[in-house]
Each structure stands twice: as C-alpha cells, then as structure tokens.
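Secondary and tertiary structure notes
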Amino acid sequence: MTVDVYTPLVLSLLLAAISPAVGRRVAPALAARVLTAAAVVTAAAGVWSLVLLAATLVNDAPPVVAEARENGRRLVEPVPEGIGVLACLALAVVAHRLWRAVRTTLGTRRALRRLCEGHPPGTELIVAASEVPRAFAIPGPPGRILVTSAMLGALQPVERRVLLAHERAHLAHRHSLLVTAADLAVAANPLLRPVRATVAFLVERWADERAAATVGDRTATARALARAALSAGRPGSSCALGFTDRAVTRRVAALQCAPPPHLRSVAAAVLALGVLPALGAADATDDLLHLLANVLV
Amino acid sequence: MADRGPHGRTERRSSGELESEVLAALWSTEHPLTPAEIQAEIGGDLAYNTVHTILRRLYDKGLVLREVDGRRGAYRPAKNAAELTADAMHEALDRGPDPIAALQQFVTGLSPEEERALRELLTGGLTGGVV
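Here goes a summary of the coordinates provided. These numbers come from a predicted model, not from an experiment.

Digging into the packing of aromatic side chains
Under the counting rule described, the total for this entry stands at zero aromatic pairs over all chains. Of note, Arg250 of chain A hangs over the ring of Phe201 of chain A, and the distance from its end group to the ring centre comes to 4.2 Å. Lying across the ring of Tyr59 of chain B, Arg66 of chain B places its NZ or CZ 4.1 Å from the centre.

Right under this line is the structure:
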C-alpha cells in the first residue's frame, strides 16, 4: 500500500517527461489518442490514490480508536496522519480545479454558439467580416468552421482548401473532445501539463496531415500554414495552447518530410505507462480494504 | 496533378463542402465573381452547372447576393450575418484569454526568426528546411 499509492505520482512525471518525444516520433493521430488516454487514466488513478490516503484517516476517527482500545487491538498506521490530512487538502484543490475547468469549457461552448447566430442552419462555413485573420473549428453537432474574411483574402485558392480541410479534420475526429479530456486530466493532476501541451500540438499536426492527404499536396499545405501564420502576425494573445514555441514552424517542417510512422510499439508502451498507475491504485485499494477490515470488523 | 488525392478527392467533395468552398472564394476578394471565375478558382474539373446549383443554394439561404449593376451574373457575399459574427468574435476576444483563445486556432503566434523563415519558404520555394 505504502509504495503503490504513490505510483501515480511518479508515473505522471514519467508520462509528462516522455510525451514530447512520443509526439515528435509517432503519427499524430495515434500519439494524440494514446497520450490522452494515458493522461486520463493516470489522473484518475492519482485522484483515487488521494482518496485512499485520505481514507487512512479513518483510523484516527474517535469512535474507531475507542472501539479498538476496548477490544485491545493495536491500530495499524499505513501512512503518517499528516499525509492523510494533506491528501484531504489536495482532494479539495483537485475538486476546485475540475469545477473551474468544466466551467471554462462550458463558457467557451456558449461563446461559440453565439458566433453561429444569424447564420442559416446547414451551412458549414461561417465567415466573420473581420480584419483580424482567424480560423477555428466550432465543435458541433453540427460542427461549423469559422474563418474571417481577412484570413480568406490572405490565402491562395488551394490554400483555402487546405484551411477548410484542416478545420474539417478537427470536427470529424472530435479533436475538441480529446483536448477537453486532456484539460480535465491536467486539472486533476497539474504534473500532466506537458502532456496536454503535446496533445494540443498533435491535434494540429493530425489536422495538417488530413488536410495534406485531402488536397493531395504537402507543399501547398505547408505554404498555407506559412501564409496564414504570417498574415496573422504576432498577436501574442492567441498563445493559449501553450505550445506556440515554434509550433507553426515545427508543423511546416513536419509537412516537408514524409508522414511519421505509426510505431505501434511506442504507442503500446505509452498505454502501458498509463495502465500502471491504475494497477498501483487498485493494489493499494486492496491493501487499504484489508487494513480497514482489520480495524472495523 | 498536385491537387489530386489518392482516392479521387474531387468526386468525394460533398455539396456542403462545395458550398463552403464557393463561399470562401467569394469572400476572398473585393470583386464580385461570375460562376465561370468561381469554377476556375476552386478546381477546373467541377462542372459549370454544379457551380450554378451551389450559387443558387447559397442565394436561397441569403448568403450571397446577385450583382445588380456592374457585371451581370456576378455574385458577392452577403455581409449582414458576417458582420454580426465579427462583432461577437471581437467581443469574445477582447474579454480576455477565455474563451476563444482557448480554441485550437489554425495558426498561432510567431517569433521574429520564425517569421523570417516562413517568408523565405513562400518566396524561395521549399529547398531548405524551415526550422
């Protein structure tokens, strides 16, 4: 119990450390999926471990102590009392962070729905008559694509097709769900922040690869990205994904090489890394149940 | 041949996707476009009649207008809804980091040296690596 319960902590550090390398080497569609899955399982196992640590405080509950004294039983202390108290505090923080993350997600959804007002139903493309070059997918159903007139004006015809194909890929593969799942994992376990950044980058790469396949031209896809990025300039405000560090140039560079291989073995290793903390947590649960059975029965 | 996918991309474009492409073409320029010009813009293998059908559908939805003076048969995009959307978007952007900034945007910010590299890519072809 005492070791198992801390495995999610160690393994989330490990997952965070390897995620950028996985993101660079494995095909984006596969890498984004396994990293998100591993992050969610690791975060869930971490929360459960906190619950277990908090549950050890039951030993210190006055009725339990009194009863144990009457029966002449010695109470086992699997972890120091201070750790149990800390776990309780951590759980409260996690609950608050999760609530905040959910609220932000819902707020974004509401704001996006407002952008679709006034447009006839059944149209995929929503144009905003704006001088600010922007483009993003509005998750559905039905999914929509918002592009500003400035962005459309900056691109060549084939590049406009790249842009539309890129945003369609976000919608078709439900990238917003993946990123939201990674968001919630980070809310529950801040150590996983690098994984979230990698997933955010990977869904862009994934959409780039889909667009290149749809248009059938990697070079045109790279040029579309370059032109869009140059016309968008350096607003500094759109850095919320936290991966702006050379993100566009890295995407352009990736399009100038062959698509990355699937490397299923690496993907399987990442998934295994995600399952380990769950096993650790399950083992720790078993141990705690035994302890509690000794104390309470 | 460069715009041909391995699976015959153009055949698989749905009517909804074609509507988006026509609308995007009309918004990308200040001038009204004739169906023939649109046909040339979004891929020559698209039938002229198809372009006509799509334009009629966009017209029925109120998304495009027929040019009355000037060139006959030319179309331009309707601005009303697009301006409302722009206002709503600016309002959401001005409100701070939430909520639109949290979206996956097509592109994000650039550093000065990245800007230089990307400009070289667009002017000088794709011989060298970008990063």
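A short note on helix α9 (residues 218–232) of chain A
Along its 15 residues, α9 of chain A runs 21 Å from first to last C-alpha, staying within 8% of the 21 Å computed at 1.5 Å per residue. Ala220, Thr221, Ala222, Ala224, Leu225, Ala226, Ala228, Ala229, Leu230 and Ala232 of chain A are the residues of α9 of chain A that are buried. Elements in contact with the buried residues of α9 of chain A: α5 (149–154), α6 (157–172), α8 (193–215) and α10 (247–255) of chain A together with α6 (112–124) of chain B. A side-chain oxygen of the first residue of α9 of chain A lies 3.0 Å from the backbone nitrogen of Thr219 of chain A; this N-cap is Asp217 of chain A.

Quick look at the packing of α8 of chain A against α9 of chain A
All names here are of chain A. Where α8 contacts α9, the axes come no closer than 8 Å and their chain directions differ by 130°. One way to sum up the angle between α8 and α9 is to call them oblique. The chirality of how α8 crosses α9 is right-handed. Residues Asp208, Glu209, Ala211 and Ala212 of α8 form the contact with α9, whose participating residues are Arg218, Thr221 and Leu225.

Section: unusual backbone geometry
Residues and elements named next belong to chain A. The phi angle at Arg174 is positive, at roughly 50°, despite the residue not being glycine. Counting through the fold element by element, Arg174 comes out in the loop between α6 and α7 (175–188). Phi at Leu263 takes a positive value of approximately 45°, unusual for a residue other than glycine. Mapped onto the elements of the fold, Leu263 is located in the loop between α10 and α11 (264–296). Judged by its relative accessible area of 34%, Leu263 falls in the partly exposed class.

Overview of a nonpolar patch on the surface
Residues and elements named next belong to chain A. On the surface, a nonpolar cluster with roughly 350 Å² of combined accessible area is contributed by Leu9, Val10, Leu13 and Leu191. By the element assignment, Val10 lies in helix α1 (residues 7–25). By relative accessible area, Val10 is classed as exposed at 52%.

The rules we used
- Along each chain, residue indices are assigned from 1 in the same order as the chain's sequence is written.
- Chain A is the first chain written and ligand 1 is the first ligand written, with later ones labelled in order.
- For a predicted model such as this one, the threshold for reporting local features is a pLDDT of at least 70, and the threshold for listing and counting side-chain atom pairs is 80 or more; totals across whole chains, interfaces and linings nevertheless cover every residue.
- For the side-chain quantities, the full set of heavy atoms in the structure was used; hydrogens and water were omitted.
- Aromatic pairs are defined between Phe, Tyr and Trp rings, using the six-membered ring for Trp, whenever the two ring centres lie within 6.5 Å; interplanar angles under 30 degrees are classed as stacked, those over 60 as edge-to-face, and all others as tilted.
- Comment: the charge-over-ring label is applied if NZ (Lys) or CZ (Arg) is within 6 Å of the ring centre and within 35 degrees of the ring normal.
- Strands are runs of DSSP state E lasting at least two residues, helices are runs of H or I lasting at least four, and both sets are numbered from the N terminus onward.
- By this rule, a helix spans an expected 1.5 Å times one less than how many residues it contains.
- Each residue's exposure class comes from its accessible area (1.4 Å probe, protein chains only) as a fraction of the maximum for that residue type: buried when under 20%, exposed when over 50%, partly exposed otherwise.
- Between two residues, a contact is recorded if the distance between any of their heavy atoms is within 4.5 Å.
- Throughout this description, a polar contact denotes any pair of N or O atoms lying within 3.5 Å of each other; where both atoms belong to protein, one of them has to be capable of donating a hydrogen while the other can accept it, and for residues adjacent in sequence the pair is counted only when both atoms sit in side chains.
- All axes here are fitted lines through C-alpha atoms, helices being fitted over the stretch that makes contact, and every angle between N-to-C directions spans 0 to 180 degrees.
- In what follows, roughly perpendicular refers to angles from 65 to 115 degrees, roughly parallel to angles under 35, roughly antiparallel to angles over 145, and oblique to any angle outside these ranges.
- The handedness criterion is simple: a crossing whose near helix is rotated anticlockwise from the far helix by less than a right angle is left-handed, and one whose near helix is rotated clockwise is right-handed.
- Two joining distances apply to patches: 9 Å for like charges and 5 Å for nonpolar side chains (Val, Leu, Ile, Met, Phe, Trp, Tyr), and every residue must have over 30% relative accessible area and no salt bridge.
- Each accessible area value is a Shrake-Rupley result obtained with a 1.4 Å probe; residue values ignore everything except the protein chains displayed when judging cover.
- Whenever Lys or Arg places a side-chain nitrogen within 4 Å of a carboxyl oxygen from Asp or Glu, that contact is recorded as a salt bridge.

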